[in-house]
Structures are given as structure tokens and as C-alpha cells.
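Each chain, written out:
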Amino acid sequence: MSGTVTGIAIAAVLAAAALAFGFWGFILMLIFMVVGAILGRTFEGKLDLRGVFDALTGKRTSS
């Protein structure tokens, strides 16, 4: 299993507990899954968080 899939699976398990709280649990599930995917991609080396942060703050462009 890749790091991305592992991150999403862990986040989904954590979010399943949040589902017991209704709509806001669903929103938390989405947030946990996105965070899990981002962390998984980072650990695999497929996403450079520093580069993303620099692009968002205007220190670097995407082109």
C-alpha cells in the first residue's frame, strides 16, 4: 500500500468516529482525508510542502 493510501485509510478510520456526530462529523471526515492524503504524498516524496508554501506566499511561481 502506498503512503497516500495509508494516510487516507488512517484518516478515514479517525473520521469514522467523528461521523457519530452528524454533519459536522462528515466535514471532519473530509478534512481528515485531505490531511491524510497530503501527509501521505509528502512522506512518499511526491509533494514538496516547502515549495507549495513558497508558491502560496508568493516567494516562488509555478512556472
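Relevant structure appears above.
Residues numbered from 1 in each chain as written. Predicted model: local features only at pLDDT ≥ 70, side-chain atom pairs only at ≥ 80, totals over all residues. Heavy atoms only, no water.

1. A word on the pattern of salt bridges
For side chains bearing opposite charge, pairing can occur when the charged atoms are close.
Inference 1: Taken as a whole and judged by the stated rule, the model has one salt bridge.
Inference 2: The closest approach of N and O atoms between Glu-44 and Lys-46, which form a salt bridge, is 3.7 Å. (Salt bridge = Lys/Arg side-chain N within 4 Å of Asp/Glu carboxyl O.)

2. Focus: the environment of Leu-39
Inference 1: Residue position: Leu-39 is located in helix α2 (residues 23–44).
Inference 2: Given the relative accessible area of 40%, Leu-39 is considered partly exposed.
Inference 3: Taking the C-alpha atoms as reference, Leu-39 lies 7.4 Å from Thr-4; in sequence the two are 35 residues apart. (Helix = DSSP H or I, 4+ residues; strand = E, 2+ residues; numbered from the N terminus. Buried < 20%, exposed > 50% of the residue type's maximum accessible area, 1.4 Å probe, protein only.)

3. Looking at α2
Inference 1: Across its 22 residues, α2 extends 32 Å between first and last C-alpha, which sits within 8% of the 32 Å expected from 1.5 Å per residue.
Inference 2: By the burial criterion, the buried members of α2 are Gly-25, Met-29, Gly-36, Ala-37 and Gly-40. Seen end-on, α2 carries its buried residues on one side only, within an arc spanning 115°. For α2, the exposed residues set more than 90 degrees away from the buried face come down to Phe-23 and Trp-24.
Inference 3: Buried residues along α2 sit in contact with α1 (3–18).
Inference 4: Just downstream of α2 lies Gly-45, where phi reads positive at about 90°. (Expected span 1.5 Å × (residues − 1). Arc of directions from axis to C-beta. Contact = heavy atoms within 4.5 Å.)

Keep in mind that these numbers describe shape and distance, not what the molecule does.
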